[in-house]
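Overview (structure and organization)
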Amino acid sequence: MERFTAVVVGAGHAGLAASHFLTERSIDHVVLERGEVANSWRRERWDSFRLLTPNWQTRLPGLSYEGQDPDGYMTMDEVTGFVERFAAVSRAPVRTRTEVTSVRPAAGGYHVTTSGGEIGCRTVVIASGACNRPVVPPFHEAVPSSVEQLTPFGYREPGQLPDGGVLVVGASATGVQLAAELRRSGRPVILSVGEHVRLPRTYRGRDVLWWMDASGVWDQRYDEVEDLTRARRLPSPQLVGTPERTTLDLNALTAMGVELVGRWAAVRDGRALFSGGLRNVFSLADLKMERLLGTFDEWAGATGRDAEVGPPERFAPTAVPASARLQLDLRGGEIRSIVWATGFRPDYGWLDVPVVDEKGRLRHDGGVVDGPGMYALGLPVLRRRRSTFIHGIESDAREVIDHLARYVAQGSNIRK
Ligand SMILES: Cc1cc2nc3c(=O)[nH]c(=O)nc-3n(C[C@H](O)[C@H](O)[C@H](O)COP(=O)(O)OP(=O)(O)OC[C@H]3O[C@@H](n4cnc5c(N)ncnc54)[C@H](O)[C@@H]3O)c2cc1C
């Protein structure tokens, strides 16, 4: 049986960053990938997808964006190319088309079963992604069969949907982007809105993600976050990366003719039932945005940056529809398809080690998993608020692989 000091599961940017630092520390390892390098970007996004993080921010250890459009947003081909380039320059020992079907404890570490054979290893780095499966509420089974249902994994472009109205469920980054694209294709679109994070694309003349970066908001460490469980579950912000740097909040969608309804709560007798209280949901999101912008203003004032940026801005509150529908007959033909943009979850079905809690979350402390010699990367707020983003991996991977190196050197599980 082959043996390595470390096995890395997954060749997305997180697994490749782990490999980069393992190589830097001369730790022998292999990266196992069930598909191709950057598989989730290739297989699990829609055709018009662009990153919502700007090009200047898209960086991996030793690799930065060097194109002509630092303020632009990468297309899917560009992201895939960027991650592939990283694999090539860091000479990552990737085995593609090698699915890990089981990892279980064994003498001296772990026994890894793959579609290409058995491997023994001392340590495992789980970099298999945070978004392996779309989350869809169980009541989707009660939706009449005349209505087609899709998740973002199956959605590619509007032409694939039957003619007629679309109900998009979820108003985070994916939901608002798909609602806008479907509306632009000429269809009637209803968007079901629950808790969401509103952000303008630019603030005081700079990309809002520049503010997140520069002001240190994204640097906040996981052990400094007040409610970590909540921070890890926070929906993605309502942002889209377009060449025009447009803001895609609910007001923008309303102006495009998208109808807003409340959170989808149940299906009864072929009818979708939506929660009321949109006013509260909207004002909470508006308030949180205002608070965040206030933090940016304070930071700019305190660090003498006021002259470099535009004047403080405030945005119109989210307009509440005069009378939001509380139910919708799914049998009536008004809605021909539903796109569930209700989030994603990881899949640890292959992990035969008791380190996953009853909610399917990996038990870990800053990426040090609750199993000796086992580590994780690429999960929300793993070590910092920016952990799950491409530019967040460098510091996380360095620190997690530092821990792994100490573990290998000392032969005991050390904490923090
Ligand atoms: C819709 C969406 C939009 C996003 N937009 C942005 C953005 O604009 N900017 C940004 O910085 N981040 C964005 N992210 C977040 C993040 O950068 C991506 O999710 C990124 O793909 C995560 O990288 P990763 O390496 O952690 O996981 P992944 O890229 O998912 O890589 C995991 C890899 O593991 C492989 N794998 C899984 N299970 C196994 C197994 N059992 N055996 C072998 N291989 C396995 C998968 O095939 C995959 O290649 C977005 C995420 C989503 C879902």
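1. Looking at the pairing of strand β6 (residues 117–126)
A large share of β6 lies buried, amounting to seven of its ten residues. Here strand β5 (residues 109–114) pairs with β6 via five bridges, running antiparallel. If you follow Y110 over to β6, its bridge partner there is C121. What sits between β5 and β6 in their antiparallel hairpin is a turn of two residues. Bridge analysis of β6 against strand β23 (residues 374–376) gives three bridges, and the strand direction is parallel.

2. What to know about the sheet that holds strand β17 (residues 271–274)
Spatial strand order, β16-β17-β18: three strands in an open sheet with antiparallel pairing. The sheet terminates laterally at β16 (264–268) and β18 (327–329), the two strands that pair on one side only. Geometrically, the sheet is characterised by an average inter-axis angle of 20° between neighbouring strands, direction not taken into account. In this sheet, β18 lies alongside β17 in antiparallel orientation, the contact comprising three bridges. If you follow L273 over to β18, its bridge partner there is Q327.

3. Remarks on the site of the ligand
Residues in contact with the ligand amount to 31 residues; listed here are only the nearest, E33, S40, L52, T53 and I390. At 3.3 Å from an oxygen atom of the ligand is found a side-chain nitrogen or oxygen belonging to N39. Residue S40 places a side-chain N or O atom 2.8 Å away from an oxygen atom belonging to the ligand. When isolated, the ligand has an accessible area of 970 Å², and the protein chains bury 94% of it. Residue assignment for the shell around the ligand shows that the elements contributing at least two residues are α1 (13–24) and α2 (39–43). In terms of residue count, the dominant contributor to the shell around the ligand is α2 (three residues). Looking at the shell around the ligand residue by residue, the class counts come to 15 nonpolar, twelve polar and four charged.

4. Notes on the sheet that holds strand β19 (residues 335–340)
The strand order across the open sheet formed by five strands is β8-β19-β9-β10-β15, and the pairing between neighbours is parallel. Two strands in the sheet have a free side with no partner beyond their single neighbour: β8 (148–150) and β15 (259–261). The average angle at which neighbouring strand axes cross in this sheet is 20°, direction not considered. Inspection of the sheet shows strand β10 (residues 189–192) paired to β15 by three bridges, in the parallel sense. Across the sheet, the residue bridging to L191 is L260, located in β15. Strands in contact with helix α4 (residues 173–184) are β9 (165–169), β10 and β19; relative to β10, the strand with the most contacts, it is inclined by about 170°.

5. Things to note about the side chain of N132
The topology assignment puts N132 in the loop between β6 and β7 (133–134). Here the side chain of N132 touches D347 through a polar contact of 2.9 Å, landing on its backbone nitrogen. When neighbours within four sequence positions are excluded, N132 is seen to be in contact with R34, F153, R345, P346 and D347.

6. Description of the environment of L377
Turning to its location among the elements, L377 is positioned in the loop between β23 and α9 (393–410). For the pair formed by L377 and V267, sequence separation is 110 residues and the distance between their alpha carbons is 37 Å.

7. A few points about the pattern of salt bridges
Applying the stated rule across the entire model yields 27 salt bridges. Note that R198 and D249 form a salt bridge whose closest N and O atoms lie 3.1 Å from each other. With a gap of 51 residues between them, R198 in strand β11 (residues 197–198) and D249 in the loop between β14 (237–238) and α7 (250–256) connect regions that are remote in the sequence. Just as R198 is buried, D249 falls in that class too. Residue E308 is joined to R305 by a salt bridge in which the shortest nitrogen-to-oxygen separation is 3.1 Å. On the basis of relative accessible area, R305 is assigned to the partly exposed category, the value being 24%. Because the salt bridges share partners, they merge into one network encompassing R204, E290, D297, D306 and R314.

8. Looking at the nonpolar core
Counting 87 residues, the largest nonpolar core has V103, L191, L351 and M374 as its most contacted members. Those residues in contact with V103 that lie beyond four places of it in its chain are Y110, H111, V112, V124, W350, L351, D352, V353 and M374.

What counts and how
- Residues numbered from 1 in each chain as written.
- Predicted model: local features only at pLDDT ≥ 70, side-chain atom pairs only at ≥ 80, totals over all residues.
- Heavy atoms only, no water.
- Buried < 20%, exposed > 50% of the residue type's maximum accessible area, 1.4 Å probe, protein only.
- Helix = DSSP H or I, 4+ residues; strand = E, 2+ residues; numbered from the N terminus.
- Pairing = 2+ DSSP bridges.
- Axes fitted to C-alpha atoms, helices over the stretch in contact; angles between N-to-C directions.
- Near = heavy atom within 4 Å.
- Polar contact = N/O pair within 3.5 Å; in protein donor to acceptor, adjacent residues only side chain to side chain.
- Areas by Shrake-Rupley, 256 points an atom, 1.4 Å probe, with all protein chains shown as cover.
- Nonpolar A, V, L, I, M, F, W, Y, C, P; charged D, E, K, R; others polar.
- Contact = heavy atoms within 4.5 Å.
- Salt bridge = Lys/Arg side-chain N within 4 Å of Asp/Glu carboxyl O.
- Core = buried A, V, L, I, M, F, W, Y, C linked by side-chain atoms within 4.5 Å.

None of the figures reported here should be taken as evidence of function without further support.
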